[in-house]
Amino acid sequence: MATMQDIADKMGISKSTVSKALNGASDISEALQKQVLETAVEMGYTKTRRQKSTGKKVCVFIENMEYKEPHQFGYEILLGFRQMAEPAGYQVDIIPADTKLQKDARYDAFMLRQGYAGAFVVGFSLQDPWMEDFQTSRTPTVLYDNYIKANPSTAYVGADNYEGMEMAVAYLKELGHRRIGYLSTALGSYIMQVRHKAFFQALRQNSLHAESTCAATSFYLGQLLEKHLPRLLDMGMTAILCSHDQIASAALLQCGQLGRRIPEDLSIIGFDDLPFCAYTSPPLTTIRQDRIQIGKSGFYALDSLMNQVSIGTLLLHSSLIKRSSTGPAPGGDSARKNR
């Protein structure tokens, strides 16, 4: 790994000038700061070499996810991360990472300029500008529900979605369901792609009908509910799995308008176990992610990377939370046995 002296030698400037530029000193021009940062990134210089002199700072970048209130999905993830990082002596900054922030500076350059030793990245989509930077970044970085291949400076943490889907499908099969559909938001994120694949793998593992027409995806919730849900029902589906709880909750309401009783006529399962799931009508069966533990795992993986332990993937077990939105398949022998 490069040192400040290496950077100074390559640029033909003093080590003190490099230090000032990396720390944003006011007597160094913006153009020179930018040049020093770009050279540092190119040479593989990272803040992990400078923790003892600069203090221990890490950050959480968050996008496309609410996190400020206890009932919001990201709240417990950030809480779990802080519960591990702050007792270990780290300052944790929470940074909303909109597209403008990502376009204004390359990822490694931003981390150098701000003095962060590493980051936990939450809620990014595949189209985010920094997703390309993560492919070659040398800054220790852990991504929640995103996977970067073959970069020893990055790690992926999350729940085991394949395990969760298999548990849900096996449970529905046990209840007598043989025709199971799937509703999902568009496959513009890594995790939506994983859940889509996991659904079909779970069907095949349980020897159930697994044609592509069993699933529907859309950017628009209204299209899922008004077009694709009725189509799946017309195909004879007796159960619907959803890529997340918001779709499942909306499907409960839509089925009421369509005259379908839950769970007598149709069983519905969500994903994530958001706090409201226990209070829908009927309460929603769902696949739970332990968000506190995911946050803690995020710091565990980041701390490992910052200590040159190249963790690749860290997946936590999922669990199936059984509530009243699922029941025996209507009319089947297996269903009657499960009553």
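Structural notes, computed from the coordinates.

The rules behind each value
- Residues numbered from 1 in each chain as written.
- Predicted model: local features only at pLDDT ≥ 70, side-chain atom pairs only at ≥ 80, totals over all residues.
- Heavy atoms only, no water.
- Helix = DSSP H or I, 4+ residues; strand = E, 2+ residues; numbered from the N terminus.
- Buried < 20%, exposed > 50% of the residue type's maximum accessible area, 1.4 Å probe, protein only.
- Contact = heavy atoms within 4.5 Å.
- Lys, Arg positive; Asp, Glu negative; His and termini not counted.
- Charge placed at Lys NZ, Arg CZ, Asp CG, Glu CD.
- Core = buried A, V, L, I, M, F, W, Y, C linked by side-chain atoms within 4.5 Å.
- Salt bridge = Lys/Arg side-chain N within 4 Å of Asp/Glu carboxyl O.
- Polar contact = N/O pair within 3.5 Å; in protein donor to acceptor, adjacent residues only side chain to side chain.
- Pairing = 2+ DSSP bridges.
- Axes fitted to C-alpha atoms, helices over the stretch in contact; angles between N-to-C directions.
- Expected span 1.5 Å × (residues − 1).
- Arc of directions from axis to C-beta.
- Right-handed = clockwise from strand over helix to strand, strands pointing away.

For the rest of this paragraph, the subject is the overall build of the chain. Summing up its helical and strand segments, the chain has 14 helices and twelve strands in all. The principal-axis extents of the C-alpha atoms in the chain amount to approximately 80 × 35 × 35 Å. Per-residue burial over the chain gives 55% buried out of 339 residues. At a minimum sequence separation of 6, the contacts of the chain that also span at least 24 residues come to 69%. Here the chain carries 36 positive and 34 negative side-chain charges, and the mean point of each set is 3 Å from the other.

Time to look at the nonpolar core. Leu241 and Ile268 are the most contacted members of the largest nonpolar core, which totals 72 residues. Setting aside its immediate chain neighbours within four residues, leucine 241 contacts Met165, Ala168, Val169, Leu172, Gly181, Tyr182, Leu183, Phe199, Ile269 and Ile287. Judged by nonpolar contacts, the second largest core, of 18 residues, contains Ala105, Met111, Phe124 and Met131.

Before going further, it helps to examine the pattern of salt bridges. In the structure shown here, the tally under the stated rule is ten salt bridges. Note that arginine 195 and aspartate 272 form a salt bridge whose closest N and O atoms lie 3.1 Å from each other. You can see arginine 195 sitting in helix α10 (residues 190-205) and its partner aspartate 272 sitting in strand β9 (residues 267-272), a full 77 residues away along the chain. Using a relative accessible area of 3% as the deciding quantity, one classes arginine 195 as buried. Of the residues examined, aspartate 272 reaches a relative accessible area of 7% and is grouped as buried.

Once that is clear, we can look at the side chain of threonine 17. Examined against the element boundaries, threonine 17 turns out to sit in helix α2 (residues 15-22). Here the side chain of threonine 17 touches serine 14 through a polar contact of 2.7 Å, side chain to side chain. In this structure, threonine 17 is in contact with Ile28 and Leu32, ignoring residues within four places of it in sequence.

Turning to the sheet that holds strand β11 (residues 313-316), a few remarks are in order. Judged by pairing direction, the sheet is parallel, and its six strands sit side by side in the order β2-β1-β3-β4-β5-β11 without closing on themselves. Each end of this open sheet is capped by a strand with a single partner; those strands are β2 (91-96) and β11. Across the sheet, the mean angle from the axis of one strand to that of its neighbour is 20°, orientation sign disregarded. With three bridges connecting them, strand β3 (residues 118-122) and strand β4 (residues 141-144) associate as parallel partners. Directly across from valine 121, in β4, lies its bridge partner leucine 143.

Relative to the 20 Å expected for 14 residues at 1.5 Å per residue, helix α9 (residues 161-174) spans 20 Å between its end C-alpha atoms, a close match to the ideal helical length. Of all the residues in α9, the buried ones are Asn161, Gly164, Met165, Ala168, Val169, Tyr171 and Leu172. The arc enclosing the buried residues of α9, seen along the axis, measures out at 160°, which places them on a common side. Between a side-chain oxygen at the N-terminus of α9 and the backbone nitrogen of tyrosine 162 the separation is 3.2 Å; the capping residue is aspartate 160. Downstream of α9 by a residue or two, glycine 176 has a phi angle that is positive, lying close to 100°.

Right, let's talk about the pairing of β2 for a bit. Taken together, the six bridges between strand β1 (residues 57-62) and β2 define a ladder with parallel strand orientation. By the bridge assignment, lysine 57 is partnered in β2 with glutamine 91. The parallel pair β1 and β2, bridged by helix α5 (residues 73-85), forms a crossover whose chirality is right-handed.

Below, the discussion takes up helix α13 (residues 291-306). Along an α-helix, a turn takes 3.6 residues, which lines up residues three or four apart on a common side. The terminal C-alpha atoms of α13 lie 23 Å apart, and with 16 residues this matches the ideal 22 Å at 1.5 Å per residue to within 8%. For α13, a buried count of twelve out of 16 residues is recorded, marking the element as mostly surrounded by other parts of the structure. Taken as a whole, α13 has its buried residues at Arg291, Ile292, Ile294, Gly295, Ser297, Gly298, Phe299, Ala301, Leu302, Ser304, Leu305 and Met306. By the N-cap criterion, in which a side-chain oxygen at the helix start approaches the backbone nitrogen of a residue two or three places on, α13 is capped by aspartate 290, the distance to isoleucine 292 being 3.4 Å. Glutamine 308, located one to two residues past α13, shows a positive phi value of around 65°.

The values are spatial; any link to function lies outside them.
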